[in-house]
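Listed here are the chains, written in short residue letters.
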Amino acid sequence: MHMKERLDGTTPPDNNRLRLTHVKKTAAGIPAAVSSMNHGIRKMGLTKTVRTLLMVNQKDGFDCPGCAWPDPQHRTSFEFCENGAKAVADEAMAANVNAAFFQKHSIEQLLSKSDYWLNSQGRISQPMIRKKNSSHYEPISWNDALDFIASSINDMPSPKRGVYYTSGRTSNEAAFLYQALVRAMGTNNLPDCSNMCHESSGKALSSTIGIGKGTVHLQDFDHADLILVIGQNPGTNHPRMLTALRDAKKKGAKIISINPLPETGMQRFKHPQDYMTADFRTTQLADIHVPVRIGGDAALFKGIMKEMLANGAVDLSFIDQKTIGYEQFEQSLDQFSWDDIVRDSGIDKNTINHIAQMCSNSNATIACWAMGLTQHRNGVAVIQEVVNLLLMGGHIGRPGAGVCPVRGHSNVQGDRTVGIWEAPPESFLQKLEQGLNFSVPREHGYDVVHAIHAMEKGDVDVFVSMGGNFLSATPDTRRTAKAIQRIGLTVQISTKLNRSHLITGNSALILPVLGRTELDEQKSGEQFVTVENSMGVVHQSKGKMKPVSNMLISEPALVAQLGKRLCPDALNWSQFIENYDAIRDLMSLSLNGFEDYNRRVRESDGFLLPNPPRDDCNFNTETGKAVFTVHDLPLVDVPSDRFVLMTIRSHDQYNTTIYGLHDRYRGIHGNRRILFMNAIDMSERGYKTKDVVHITSHYEGVSRESRNWFVVPYDIPQGNLAAYFPEANELVPLESTAHLSNTPTSKWIEVSLSTSENTDSEEE
Ligand SMILES: Nc1nc2c(c(=O)[nH]1)N[C@H]1C(S)=C(S)[C@@H](COP(=O)(O)OP(=O)(O)OC[C@H]3O[C@@H](n4cnc5c(=O)[nH]c(N)nc54)[C@H](O)[C@@H]3O)O[C@H]1N2
Ligand SMILES: Nc1nc2c(c(=O)[nH]1)N[C@H]1C(S)=C(S)[C@@H](COP(=O)(O)OP(=O)(O)OC[C@H]3O[C@@H](n4cnc5c(=O)[nH]c(N)nc54)[C@H](O)[C@@H]3O)O[C@H]1N2
Ligand SMILES: [Mo]
């Protein structure tokens, strides 16, 4: 069914019956513990489950391939969460995606399968090639595959016709070698998942506080008076953060959750481990939930800051000594009327006053945020409002206070630190050249969105993807699929099957690699790699499980093998494969902050990268001061027959990897084509629960349609809608991106709805 259509890259539905249950009030607890064990046992059996889970995030074990939340110094034997357990179980699946599998299934057949089905087939066991326009993948040797990539790259008329993407699980070692190779070839075409993720945070922070990262340690949570959790769903996406919030709460901190949805994880929390000590209490987390309208945060922060000013809650000596731009900022707040603030934010003035009072009373405030802020047109500006709010009270560079952009992929921050960056600053490149001993290009390369535009224009001959699922993670699925199909060779370096293996260039390779959990043995013995967590701690990660197939190679080895073929004289690639210490020695010479890397990273908790605001309240901006910024309010009005749609993650997925079909906390089971809608909006349109609607997005006169979504009433502001990523990506316009960061606006899509009765398009 619909096989032809699926050449457009969109995701076929899982045709299971949709079952709705109550929205959960408490996160984690027994259901989470049961769910972790179930996922594990189903995918790897009981003994392996217990053995594996005990190794996650231990000092001598592997870093959880789930999120980038840091590990506490005093670890328990269960430093994993339900969703980390799912990630680990998933990596331990048998390597059933092998030559026989691809002989049995044509690419067209596979395109008709859902993302859930594709992922559940297991690990990829051996290199495969799709020869020019062939209907099937067939096996290829590692040597032939690597030679084929090298000859395709060498055939390009210019190095700029190659694009080298990275997802955020790649280790520091692999990422460092990869960027060195790409730059040795003469391009900065290094887009990465960050471009769709925290790019807005990096841009907002580097220009205001002089570093594109967060400024808090995990220990700061113990000293905070107030923690803001903005546009983030930690119960699902960073479950270990709930423990930090609970502990902070026990020490007296207040927590404010700012989110259109009352996410379960922010309400009550029960640590699954507490059952072992027969502790059955749950902890209320958020003191207030602020149901801001999608995109209404800027208005909300203006309101809070106006009130803080009125309260006199400003740290004038900090402002005077450490910042610039305060006067202009202060004056600008007068421009914004309370009517506009209340209308745009959807929050009444009393509530805003109350929040402002809490902010004013706090001596140490931490602001955490994730995709609810970054994936908006004003993503950079709205994060700078958060910075303004903290700077007013002197909350950066003080214990228990600071900015905390909560990263996604487990090593996305490290990848950027070691050079996965299409627009690296000059100072970074100069240091890099000192270590590498060859000159590297200065011209900026493509980010994700620019890369898709280039593919669309026929400007890309070779695309290499170090992990990830470029097709499904990027916006405008149909257009991106067409763009990819114009490429000569696409290479996916992967662990599991995904849609990017099926929508390919003329020729395609799938190169399966070792996962984070697996033992990596090279000539000099067992290797470890290193990663950086969301708080700038760099530490080891050592796989322990027997690799699921003997035809897998490691990511660093793969890159070095390509290096040998493509730039044999640039570096001594062979020694990197034999012993990863050689890679780290080169990193010591090439990266600021990585001096004596091999020794320092062997210390039991790793080491902290320098962070001037946190370390000594210093700001490496042009003026040496932290910068107050002034921004207009974004336009948040849409025509009365339209809605604003945000794309969000369910509880059973990791980005485009679908582990299961439950979104347990939100009470959704069996199906992912869900449109969350306010009950009043539903009744005004005459929709009933589970009615099927079609969504059309509108941008600059172009519309995009996605059909067949089940309407579900939900506690979401009127005029707002939510649907799951990646299914809804076909609605996200490629041109709709954030100012300055160019991040697709996955949380702001203007849409209208229709049903089959009122459209003339054919029913599927
Ligand atoms: N289990 C699991 N863990 C993950 C991931 C996963 O898919 N599964 N993904 C990883 C990655 S790469 C990332 S980046 C993170 C993502 O972590 P999150 O950012 O928590 O992920 P999203 O589901 O995109 O959720 C965004 C939240 O923002 C809210 N939101 C949307 N629009 C707005 C707005 O305008 N204002 C405000 N205030 N809130 C808004 C939504 O209601 C939602 O609660 O998680 C990481 N961890
Ligand atoms: N509409 C919408 N779009 C979004 C988002 C959104 O909220 N809404 N979120 C954006 C965000 S925050 C992000 S970070 C991106 C994510 O974009 P990506 O990072 O590109 O996507 P993932 O789904 O994380 O990639 C999953 C694939 O990575 C491979 N993989 C897993 N582990 C490994 C490994 O150890 N090594 C290698 N080589 N491969 C591995 C597997 O084959 C798996 O299928 O998506 C973005 N897209
Ligand atoms: Mo992300």
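Up top is the structure these notes are about.
Residues numbered from 1 in each chain as written. Chains lettered and ligands numbered in written order. Predicted model: local features only at pLDDT ≥ 70, side-chain atom pairs only at ≥ 80, totals over all residues. Heavy atoms only, no water.

S.K.: How should I be thinking about the nonpolar core in this particular structure?
M.R.: Generally speaking, nonpolar side chains in soluble globular proteins are found buried as a group. Ranked by internal contacts, the top residues of the largest apolar core, which has 61 residues, are Tyr164, Phe176, Leu436, Leu509 and Leu511. Among the elements that take part in this core, helix 8 (residues 172-184) stands out by supplying seven residues, more than any other. Excluding residues within four positions of it along the chain, Leu436 makes contact with Phe176, Ala180, Ala570, Leu571, Leu586 and Ser590. (Core = buried A, V, L, I, M, F, W, Y, C linked by side-chain atoms within 4.5 Å. Buried < 20%, exposed > 50% of the residue type's maximum accessible area, 1.4 Å probe, protein only. Helix = DSSP H or I, 4+ residues; strand = E, 2+ residues; numbered from the N terminus. Contact = heavy atoms within 4.5 Å.)

S.K.: In this structure, what is going on with the site of ligand 2? I would like to understand it.
M.R.: Near ligand 2 you find 30 residues, and of these Tyr165, Ser167, Ala473, Glu555 and Thr656 are the closest. Gln375 places a side-chain nitrogen or oxygen 3.2 Å from an oxygen atom of ligand 2. Coverage of ligand 2 by the protein chains reaches 97% of its 930 Å² of free accessible surface. A per-class count over the shell around ligand 2 returns 10 nonpolar, 15 polar and five charged. Looking at the shell around ligand 2, you find at least three residues from each of domain 1 (3-23 + 638-754) and domain 2 (96-192 + 415-608). (Near = heavy atom within 4 Å. Polar contact = N/O pair within 3.5 Å; in protein donor to acceptor, adjacent residues only side chain to side chain. Areas by Shrake-Rupley, 256 points an atom, 1.4 Å probe, with all protein chains shown as cover. Nonpolar A, V, L, I, M, F, W, Y, C, P; charged D, E, K, R; others polar. Domains from an automatic or database assignment.)

S.K.: Just checking my understanding: could you explain the layout of surface pockets for this structure?
M.R.: Reported here for the second largest pocket is a volume of approximately 960 Å³. Around the second largest pocket, the lining is made up of 29 residues, and of these Ile211, Gly212, Lys213, Trp421 and Pro425 lie nearest the centre. Of all the elements in the fold, those that place two or more residues in the lining of the second largest pocket are helix 9 (199-209), helix 19 (412-417) and helix 20 (426-436). In terms of residue class, the lining of the second largest pocket is built from 10 nonpolar, 13 polar and six charged. Among the domains, domain 2 (96-192 + 415-608) and domain 3 (199-405) are the pair contributing at least three residues each to the lining of the second largest pocket. (1 Å grid on protein atoms, 1.4 Å probe; cavity = no way out; pocket = protein on both sides within 12 Å on 5 of 7 lines; lining within 4 Å. Points joined across faces, edges and corners; volume = space filled by probe spheres on them.)

S.K.: Can you walk me through the site of ligand 1 in this structure?
M.R.: Not every one of the 32 residues close to ligand 1 is listed here, only the nearest: Asn259, Glu263, Asp297, Gln653 and Asn655. Contact between ligand 1 and Met371: an oxygen atom at 2.9 Å from a main-chain N or O atom of the residue. Asn655 is positioned such that a nitrogen or oxygen atom in its backbone is 2.6 Å from an oxygen atom of ligand 1. Protein contacts shield 99% of the accessible area of ligand 1, which totals 920 Å² for the unbound molecule. Mapped by element, the contributors of at least two residues to the shell around ligand 1 are helix 10 (234-237), helix 17 (371-374), strand 23 (643-648) and strand 24 (653-654). Counting the residues that make up the shell around ligand 1, at least three belong to each of domain 1 (3-23 + 638-754) and domain 3 (199-405).

S.K.: What's the story with the sheet that holds strand 2 (residues 26-28) in this structure? I'm lost.
M.R.: Within a sheet, neighbouring strands are paired by backbone hydrogen bonds and run either parallel or antiparallel to one another. Taken together, the three strands give an open sheet; going across it, the order is 2-8-9, and neighbouring strands pair in mixed fashion. Sheet topology places strand 2 and strand 9 (283-284) at the edges, where each strand pairs with a single neighbour. Examined bridge by bridge, strand 2 and strand 8 (residues 268-270) share three bridges and lie parallel to one another. Bridge pairing in strand 8 places Ala27 opposite Phe269. (Pairing = 2+ DSSP bridges.)

S.K.: Got a minute to help me understand the packing of aromatic side chains in this structure?
M.R.: Between two aromatic rings, the relevant description is the distance of the centres plus the angle of the planes. Following the criterion strictly, the structure yields 16 aromatic pairs and no others. Ring geometry for Trp573 against Phe576: centres 6.0 Å apart, planes inclined by 85°, an arrangement best described as edge-to-face. Of this pair, Trp573 and Phe576 both sit in helix 25 (residues 573-578), separated by three residues, roughly a single helical turn. On the basis of relative accessibility, which here comes to 3%, the residue Trp573 falls in the buried class. Over the aromatic face of Phe607 sits the side chain of Arg600, whose NZ or CZ is 4.1 Å from the ring centroid. (Phe/Tyr/Trp six-rings, centres within 6.5 Å; stacked < 30°, edge-to-face > 60°. Lys NZ or Arg CZ within 6 Å of the ring centre and 35° of its normal.)

S.K.: Would you explain the side chain of Thr504 in this entry?
M.R.: Looking at the element boundaries, Thr504 is found in the loop between strand 15 (489-494) and strand 16 (507-512). A distance of 2.9 Å separates polar atoms of two side chains, one belonging to Thr504 and the other to Arg130. If near-sequence neighbours (up to four positions away) are discounted, Thr504 is found in contact with Arg130, Tyr137, Ile484, Gln485 and Thr490.

S.K.: Would you mind showing me how to read the pattern of salt bridges here?
M.R.: Pairing between side chains becomes possible if they bear opposite charge and their charged atoms approach one another. For the structure on display, the rule yields 44 salt bridges. Between Lys160 and Glu443 there is a salt bridge, with the nearest N and O atoms lying 3.2 Å from each other. Of this pair, Lys160 sits in the loop between helix 7 (142-154) and strand 5 (162-166) while Glu443 sits in the loop between helix 20 and helix 21 (448-456); the two residues are 283 residues apart in sequence, bridging distant segments of the chain. Residue class for Lys160 comes out partly exposed when judged on its relative accessible area of 40%. A salt bridge links Asp192 to Arg416; the nearest nitrogen and oxygen atoms lie 3.2 Å apart. Linking Asp192 in the loop between helix 8 and helix 9 with Arg416 in helix 19, this pair joins segments that are 224 residues apart in sequence. For the pair Asp192 and Arg416, a shared accessibility class is recorded, and that class is buried. Each of Glu456, Asp476, Arg479, Arg704 and Glu735 takes part in a single network of salt bridges with overlapping partners. (Salt bridge = Lys/Arg side-chain N within 4 Å of Asp/Glu carboxyl O.)

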